[in-house]
Amino acid sequence: MKIDVKDLIQEFSNNLKLDYDLKKKNWFNIGGKTKAYYNANNLKELIKFLKKIPRDEKIFVLGAGSNTLISDKQFNGVVIKLTNNFNNISLLNDEIIIAGSAVKDKLLSEFAMENSLGGFEFLSCIPGSVGGGIKMNAGCFNREFKDILISIQALSKSGQVITIPSKDINFKYRGSNLADDLIFLSASFKGFKKKKDIIKNEIKLLKEKKEKTQPTKIKTSGSTFKNPIEQSDKKVWQLIKDSVSLDKSFGDACISEKHCNFFVNKGNAKFEDMKKLIDFVSDSVFKKTGIKLETEIKILE
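Residues numbered from 1 in each chain as written. Predicted model: local features only at pLDDT ≥ 70, side-chain atom pairs only at ≥ 80, totals over all residues. Heavy atoms only, no water.

## With respect to helix α6 (residues 271-289)
Residue pairs spaced three or four apart in an α-helix point in one direction, given the helix's 3.6 residues per turn. Put simply, the test is: Helix numbering and strand numbering both begin at the N terminus, where a helix is a DSSP run of H or I of at least 4 residues and a strand a DSSP run of E of at least 2. A helix is expected to span 1.5 Å for every residue after the first. Buried, partly exposed and exposed residues are distinguished by accessible area as a fraction of the type maximum, computed with a 1.4 Å probe on protein chains only: under 20%, between the cut-offs, and over 50%, respectively. Residue contacts follow a heavy-atom distance rule, with two residues in contact if any of their heavy atoms lie within 4.5 Å.
Look at α6: 27 Å from first C-alpha to last across 19 residues, which is about the 27 Å you get at 1.5 Å a residue. Where α6 is concerned, the buried positions are Phe271, Asp273, Met274, Leu277, Ile278, Val281, Ser282, Ser284 and Val285. Of the surrounding elements, those touching the buried residues of α6 are β4 (68-70), α5 (236-243), β16 (249-250), β17 (253-255), β18 (262-265) and β19 (298-300). Just downstream of α6, Gly290 is the residue with a positive phi angle, here 80 degrees.

In structure tokens form, the structure reads like this:
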């Protein structure tokens, strides 16, 4: 007998919500509802939940929501949010940090600084969480997750815990060959001993550099498109600037004046507005340059 997610509401009542609104769960402040939303507090409960839901049920793990555009239509699946026990961070030894996948990148950077470990400074400028950072090999200022990662612990859709060494992962620019249905649980990272005051100063300089060039404290989701490194030496913002009128907008979806690869919800933009803007910019760049852009933000439909 096939179990419907709705049949599990009694068993997981404290953490399972049906017809749940996702609008306030992402930085764009755009989106409709999901059929089910599950708050996973610990590994044991998460495994139990995964074993109860149908194998063919669509699953989306929502991290910080900092690079996610969500459809206004209902998502016909389960959105999983990792909380509590997936937010732990600790030192394994003098050079290795273990962090849960729900740990914010900024917090990991600060923890490394407090423990005089270098190599994590760039994370202070990435607004996401560890799980999302691993999945997309997030990075900035010429550093990426792959540069500090030792291994990850993950959960298969069938509820099996596996460990994957970094050397077995084929990382590329803003991506990897890790399976889409893996749920990342935690990861170990390697740094190197470095004076705390030097780290602190470097983080300060990186943040100042970022604030000069990128919009903050508004409804945006970071870089919209990946740099087309295999097609051009130009950065994506240069291609957009050369191909598109930067005052172009659809409803309340517009291009940031500070950085044209950042798209902004300046009020009450709908999913379709933002999607139209993304498609318009992508098409315009292709018509002008022949370069096909790929989105860096994750679109949940």
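## Quick word on the pairing of strand β11 (residues 149-155)
Applied cut-off: Two strands qualify as a pair provided that DSSP identifies no fewer than 2 bridges between them.
In terms of burial, β11 is largely enclosed, as five of its seven residues are buried. Bridge analysis of β11 against strand β13 (residues 183-190) gives six bridges, and the strand direction is antiparallel. Note on β13: the bridge partner recorded for Gln153 is Ser186.

## Considerations on the pattern of salt bridges
To keep it simple, the criterion reads: Salt bridge, as used here, is a side-chain nitrogen of Lys or Arg placed within 4 Å of a carboxyl oxygen of Asp or Glu.
All told, the structure shown has 18 salt bridges when counted by the stated rule. Lys48 is the salt-bridge partner of Glu11, the closest N and O atoms lying 3.6 Å from each other. A residue pair is termed long-range when its members are at least 10 positions apart, and Glu11 in the segment before β1 (16-21) and Lys48 in helix α1 (residues 43-52) qualify at 37 residues. Look at Glu11 and you get partly exposed, because its relative accessible area is 38%. By relative accessible area, which is 36% here, Lys48 ends up partly exposed. A salt bridge links Asp19 to Lys33; the shortest N-O distance between them is 3.9 Å. A residue pair is termed long-range when its members are at least 10 positions apart, and Asp19 in strand β1 and Lys33 in strand β2 (residues 33-40) qualify at 14 residues. Here Lys33 falls in the partly exposed class, since its relative accessible area comes to 36%.

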